[in-house]
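# Inside the fold
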Amino acid sequence: MKKLTSKKTNPSVDVTDLTKRYYNKVSGWRSKGFLEGFVGEIAKRRVLPGLKRLNLSEGDKWLDIGCGPGLNFELGLKLSKCNNLDLYGIDIADKNVKIANKKIKKGNFVQGYADRLPYKNEEFDKVTYFHVIEHVPDPLKTLQELKRVLKDRGVANFSFQNKYGLETTTMNLSKKLVFLFGGDPAGFSKPKGMLDVRRSIFEIRKLCRQAGLDVQKVDGCILMLPSIAWRIKSLRGLTLFLS
C-alpha cells in the first residue's frame, strides 16, 4: 500500500498515523464531555437526523464506522428504545475502542480503518459514517467498503461538512478566534497536515454513485458556530437556533 504523506509538514509524516494520534489524544475528553451542555447539543444535532432516519428495529445488525468512544450508539439506543441490537464499531484510535468496549457492554469494537473493513459482504442491516469521510485518504474506497458490508436492502447514513455551507465559513473563523477565549484544552484544533477535506454535496453524490450507493435523501444544518459558542455565552442560543 502506498504511504500517504503530508505536504504541509514534514514530508515523512504519514497522515493516517497523524489522524490516529490526534484521536487518541482527544478520546478521553470526548468520551466524558462531548454530549454535555451546549457542546453536547451541537454535537447531537450533527448526528441525530441521521440516527432517526436509520429506523432501527429489534435484531438489526448496526455498524458505526469511525465510532469514536461509542457516542453514536449511546444516542441511537436511547432514540430507538431497542433492546436487541447487534452493535459493531470500528475506529482508527485504540483509546476510543478501549473506551467504547467499556461503555457499551453488548458492543463489538475493534481498531481498524474505513478503507479496510474486517467484515463479511452484506453483513449489516444499518451502517453509520458520521463526519469521518473528510479525514480519510481515499474517500471512494471507504464508500465502496461501506457498500460491500451493507445488506442489499440495508440503510446507511453518513454526515460530512459541506464545502459551500455556512458552517464551513463560520467554523474556519471560530478556529482562529478560539484561542482568544481560553485556548483549546480539548485539542479540537486539528494539527497541521492532518486530512480535513471539505466536499460539496455534488462531490459526495458523485462518490456515492461511483461506489454503487443509491442516495435517497440529503439534508443539513443551516449554520453552526461551534468553537465560538463554547466560549461566548451570548452566542450559544443563536448557535442552537440556527444549527
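Here goes a summary of the coordinates provided.

Conventions adopted
- Residues numbered from 1 in each chain as written.
- Predicted model: local features only at pLDDT ≥ 70, side-chain atom pairs only at ≥ 80, totals over all residues.
- Heavy atoms only, no water.
- Helix = DSSP H or I, 4+ residues; strand = E, 2+ residues; numbered from the N terminus.
- Buried < 20%, exposed > 50% of the residue type's maximum accessible area, 1.4 Å probe, protein only.
- Contact = heavy atoms within 4.5 Å.
- Pairing = 2+ DSSP bridges.
- Right-handed = clockwise from strand over helix to strand, strands pointing away.
- Core = buried A, V, L, I, M, F, W, Y, C linked by side-chain atoms within 4.5 Å.
- Salt bridge = Lys/Arg side-chain N within 4 Å of Asp/Glu carboxyl O.

Here the focus is the overall build of the protein. A tally of regular secondary structure across the protein gives nine helices and five strands. The linear arrangement of helices and strands in the protein, starting from the amino end, is α-α-β-α-β-α-β-β-α-β-α-α-α-α. Counting only residues that meet the buried cut, the protein has 49% of its 243 residues in that class. For the protein, the proportion of contacts with a sequence separation of at least 24, taken over those separated by at least 6, is 73%.

Of all seven residues in strand 4 (residues 124-130), seven are buried; the element is thus mostly enclosed. Pairing of strand 1 (residues 61-65) with strand 4, which is carried by three bridges, proceeds in the parallel orientation. Paired with Asp64 across the bridge in strand 4 is Thr128. Alignment of strand 4 against strand 5 (residues 150-159), held across six bridges, turns out to be parallel. Within the sheet, the bridge partner assigned to Phe130 lies in strand 5 and is Ser159. Assessed by its sense of winding, the connection that carries the chain from strand 4 through helix 5 (residues 139-149) to strand 5 is right-handed.

Turning next to unusual backbone geometry. The phi torsion at Asn55 lies on the positive side, around 50°, for a residue other than glycine. By secondary structure assignment, the location of Asn55 is in the loop between helix 2 (37-52) and strand 1. Its identity as a non-glycine residue notwithstanding, His131 has a phi of 50°, on the positive side. In this structure, His131 sits in the loop between strand 4 and helix 5. The class for His131 is buried, based on a relative accessible area of 18%.

Attention now goes to the nonpolar core. The biggest cluster of nonpolar side chains holds 23 residues, and the ones touching the most others in it are Leu63, Ile65, Tyr119, Tyr129 and Leu143. Broken down by secondary-structure element, the contributors of at least two residues to this core are strand 1, strand 2 (86-91), strand 4, helix 5 and helix 7 (201-211). When near neighbours in sequence (up to four residues on either side) are disregarded, Tyr119 contacts Leu63, Tyr88, Gly89, Ile90, Val110, Phe124, Arg148 and Val149. Ranked by size, the runner-up nonpolar core spans 16 residues in total, among them Val47, Leu54, Leu87 and Val97.

In total, this model carries nine salt bridges according to the counting rule given. Among the ionic pairs, Asp94 bridges to Lys20, the shortest N-O distance being 3.5 Å. Of this pair, Asp94 sits in helix 4 (residues 94-103) while Lys20 sits in helix 1 (residues 15-33), and the two are 74 residues apart along the sequence. Look at Asp94 and you get partly exposed, because its relative accessible area is 38%. Between Lys103 and Glu74 there is a salt bridge, with the nearest N and O atoms lying 2.8 Å from each other. Within this pair, whereas Lys103 is found in helix 4, its partner Glu74 is found in helix 3 (residues 71-80), the two being separated by 29 residues in sequence.

This is a description of form; function is not addressed.
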